[in-house]
Amino acid sequence: MSETPAGLDFIRQRISEDVAAGSRVITRFPPEPNGRLHIGHAKSICLNFGVAAEFGGLCYLRFDDTNPEKENEAFVQAIQEDVRWLGFDWGDHLTHASDYFEQLFQLANQLISANKAFVCGLSAEEMRETRGTLTEPGVNSPSRDLSVAENLALFREMREGKHGDGSYVLRAKIDMSSPNINMRDPVLYRIRHVHHQRTGNDWCIYPTYDYTHCVCDALEEITHSLCTLEFEDHRPLYDWVLDNINLNVHPPQIEFSRLGLEYTVMSKRLLNKLVSEQHVAGWDDPRMPTISGLRRKGVRAPAIRDFCERIGITKQNNTIEMSLFDFCVRKDLEADTHRAMCVLEPLKVVITNWTEDTQGALSAEPLTAPWHPKKDLGRRVLPFSKEIFIERSDFEEVRPRKYKRLSPGEMVRLRMAFIIRCDEVIKDDAGNIQELHCTYFPESRSGSDKSGLKPKGVVHWVSAMEGQYCDVRLYENLFLEKQPDVSELAGALNPASFKQLNAIIEPAALLGDIHHFQFERQGYFVKDETDSSALKTVFNRTVTLRDIRPG
RNA sequence: UGGGGUGUCGCCAAGUGGUAAGGCACCGGGUUUUGAUCUCGGCAUUCGCAGGUUCGAGUCCUGCCACCCCAGCCA
C-alpha cells in the first residue's frame, strides 16, 4: 500500500524480534466507552490490529469499563461500529474489563493476604495531602498496618455494600517515598454505589485502571501491551501488580506517542465539551476529528488507514500538518469518485445566439460526459439550454494576471460543452452584476471541436432549466490556531468553520445511488444521509481540491 | 524542584560506528476541456549545543540546553 516501505517502526522491530524468538502476537485495543473514537484512536487501532494481522496474531477489542459513572452502552455500540467501519475485525475476541471483575476481586484478596494491599480509610482530600509532592515523599496511611485479617474483612464489607462511597479504598502497599508518584500506595479499588452498564448492581466496588489493565492483559495473554506515552510512568505499577499476583503471565507494556493534528483537539474531555456545550452538532459533526465525524464529512476508511501508516509510530511528540491528512483523503477519493458539476454561488449566463432550433438540434444528440476522466464509470447526459449558471467567482470584470476564467470580451470553455464569449455584463442600479450575455460557438462542441478557438480556461456550469437545487455545506477547521489554546474553548473556535449554501447541481448527480462526488474544480463532497430528504439533497464538503494559482 | 520521556529539513520519519532514505509541504518544467489528476526535476556539507573516543560519529562517552508527561478514589 505505502510507496515508502520504510524500516519497521520500533514496536514492529521489537515484535518481529520476539516472533523470531518464538513468541505469538496478541494485542488489544482497549477503549473506555465514555465517548466516541477519534483519529488518534485510529492510530492505535491501526497499530494494534495491524500488527496482529502482519504477524499472524490476533487483536482483542476490550472495553475498559471500570468507571460506570462515565460510561454507557451507547458508546460501546458506537465504538464497535467505528472499529468495524475502519476495516478491522476482532472476530470473537470482544471482551470487557467487567468480564473479569470476579477474578480481579479474587486476585485483590490474594494481594491482601500477601500483605501487599490494605484498606485505607483516608478521605480523598486526606489522601492528596499525604501523597507528598513531586519533590517531597508522602506519609504512610494510618491504616497501612492493619492486619491481613482486618483488611480481608474490611474489603469483604466493601464488596458487600456495607460502606458508603468514598469511605474506604483498597490500596497497594508499595512505597510512599517513591520518586514515582504512581507508586505511592496507589488506589486499587474504590466504592461506587452506581449501576454498571453490563454488571448492573452486582458490584459496588470498582477496580481502577492501573490495577485492572495489567491483569486483563495477563488474563488474555496479551503479548504486547501497546499504549501511549502518558502511561510510561505507570509501567512500574503495571509490572508491580503482575509481579505480585500469581498469574505467571507478564505482558510488556510498550509506549508510543499519541497523535497531534493541527487545528483540532484530540482529548476526549474537550471533544465531549464541544458536544455538550453545543459548539458542534454532535459527535458526528463533520468538523469533529471523530471517526463518525470524518465519515459523515465523506472521508473513507482507506484514507484514514493510509494516514495512520504515513505518520509512523515513534515516541516523539508530534503535530501532524492538516495538509498530510487532506492529501490522504484526496488520494483515496481521486481514483474512483464520480465527477459532477455543481454551481455553489450562481451567476446567470444568457446565451444570446441560442435558439429553439439549436435546442432542437441538441436534443437529437445531447451532450454527455464521462463520470470519471480515467476510470470507466459510464457517462451521464448534460442538459444544456439558453440560460445556464456559472460560478460567480469564475467571472471578473478586470482580468487578473494569468486569469483562466471569464471576463468581458474573453472566451472560456464550458466544461464538456461549448466555448462561450462574454459580450455584455448586465448590472442593476447599484452596480451589482445581474447576468452575463454571451455567445456560444456551435463548432466548439466538446469532443468534436472544429472551432480552432483558444479559450482562456474551463469553467463548470449547470443548465438553468434542468439544474436542481441542493444544500451544500462547506466545512473548515474547527479551530483558528494550529495548536489551539483550549483554556478558552469558545474563543479558540473558528467562527467560519461551517457555511451552508443553496447550490445548483446537474440533474444526473441526484438520480443514482452515488454518494461520493468530486464537484469539478471545487472539491470532494458526500451526500449527507441524515439530513438529506426527498425534497432536498444535502452535500457535505469532504475536502477541497488542491488549488495552485499564481500570486 | 523529584521521577519518567523526547530532540535528524517547515511537518512527519528512516538511519542500530562507514560517510544523511522516503512522504507531506514548498519551488520550477511537461501533459491536461477540472488552476484537479498524472509526470519530470529541485529541496539537510548536516543530525538540540559543547567537548571527547575513533582511521571514521546522527549513531559510542561526558557535560549542558530545550520541550513533553506525572501530585484523580479518570483512563
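Residues numbered from 1 in each chain as written. Chains lettered and ligands numbered in written order. Predicted model: local features only at pLDDT ≥ 70, side-chain atom pairs only at ≥ 80, totals over all residues. Heavy atoms only, no water.

Participant: Mind showing me how you'd approach helix α4 (residues 101-113) here?
Facilitator: Working note: α-helix, 3.6 residues per turn, so residues spaced by three or four point in the same direction. With 13 residues, α4 should cover 18 Å at 1.5 Å per step; its first-to-last C-alpha distance of 18 Å lies within 8% of that length. Within α4, the full set of buried residues consists of Phe101, Leu104, Phe105, Leu107, Ala108, Asn109, Leu111 and Ile112. Directly after α4, the chain includes Asn115, whose backbone phi takes a positive value near 60 degrees. (Helix = DSSP H or I, 4+ residues; strand = E, 2+ residues; numbered from the N terminus. Expected span 1.5 Å × (residues − 1). Buried < 20%, exposed > 50% of the residue type's maximum accessible area, 1.4 Å probe, protein only.)

Participant: When you look at the state of the cysteines in this model, what are you seeing that I'm missing?
Facilitator: This model, assessed by the stated rule, comprises zero disulfides. This cysteine, Cys46, is not joined by any disulfide, and Cys308 carries the nearest cysteine sulfur, 3.9 Å off. Since its relative accessible area comes to 13%, Cys46 is described here as buried. Free cysteine: Cys216, not disulfide-bonded; nearest cysteine sulfur from Cys214 at 8.3 Å. (Disulfide = S-S within 2.5 Å.)

Participant: Explain the sheet that holds strand β24 (residues 523-527) to me, please; I cannot follow it from the model alone.
Facilitator: In a beta sheet, neighbouring strands are held together by backbone hydrogen bonds and run either parallel or antiparallel to one another. Strand order in the open sheet made by the seven strands is β10-β23-β24-β25-β21-β22-β11, with mixed pairing throughout. Two strands bound the open sheet, and with one partner strand each, they are β10 (338-340) and β11 (342-343). As paired strands, strand β23 (residues 516-519) and β24 are joined by four bridges and run antiparallel to one another. Bridge assignment links Phe519 to a residue of β24, and that residue is Gly523. The sheet strands contacting helix α12 (residues 322-334) are β10, β23, β24 and β25 (538-544), and the helix crosses β25 at an angle near 115 degrees. (Pairing = 2+ DSSP bridges. Contact = heavy atoms within 4.5 Å. Axes fitted to C-alpha atoms, helices over the stretch in contact; angles between N-to-C directions.)

Participant: Even after reading the chapter, I still don't get unusual backbone geometry, so can you show me in this structure?
Facilitator: Trans is the common state for peptide bonds, and a negative phi is the common state for residues other than glycine. With phi around 55 degrees, Asn248 is a residue other than glycine that occupies positive phi space. If you trace the backbone, Asn248 turns up in the loop between α8 (235-244) and β9 (253-256).

Participant: I'm lost on helix α1 (residues 10-20) in this one. Help?
Facilitator: Three or more residues of α1 are buried, namely Ile11, Arg12, Ile15 and Asp18. Projected down its long axis, α1 shows its buried positions confined to an angular sector of 120 degrees, all on one face. Turned more than 90 degrees from where α1 packs its buried face, Glu17 and Ala20 sit exposed. On its buried side, α1 packs onto α2 (39-54), β8 (225-228) and β9. (Arc of directions from axis to C-beta.)

Participant: Honestly, the pattern of salt bridges in this entry has me stumped. Any pointers?
Facilitator: One side chain can pair with another of opposite charge once the charged atoms of both are near each other. Applying the stated criterion across every chain yields a total of 39 salt bridges. The salt bridge partner of Arg415 is Glu520, with a shortest N-O separation of 2.2 Å. With Arg415 in the loop between β16 (411-414) and β17 (419-427) and Glu520 in the loop between β23 and β24, this residue pair connects regions lying 105 residues apart in the sequence. On the basis of relative accessibility, which here comes to 26%, the residue Arg415 falls in the partly exposed class. One salt-bridge network, in which partners are shared between bridges, spans Asp284, Arg296, Arg473, Asp528 and Asp531. (Salt bridge = Lys/Arg side-chain N within 4 Å of Asp/Glu carboxyl O.)

Participant: For this particular structure, what's the right way to read the packing of aromatic side chains?
Facilitator: The relation between two aromatic rings is expressed through the spacing of the ring centres and the mutual angle of the planes. Within this structure, the stated rule accounts for 22 aromatic pairs. Aromatic pair Tyr209 and Phe231: ring centres 5.0 Å apart, planes at 35 degrees, arrangement tilted. Placement of Tyr209 in helix α7 (residues 209-219) and of Phe231 in the loop between β8 and α8 is noted, with a sequence separation of 22 residues between them. Judged by centre distance (5.0 Å) and plane angle (80 degrees), the rings of Phe418 and Tyr440 are edge-to-face. Taken as a pair, Phe418 in the loop between β16 and β17 and Tyr440 in strand β18 (residues 433-441) lie far apart in primary sequence, 22 residues in all. A relative accessible area of 4% places Phe418 in the buried class. (Phe/Tyr/Trp six-rings, centres within 6.5 Å; stacked < 30°, edge-to-face > 60°.)

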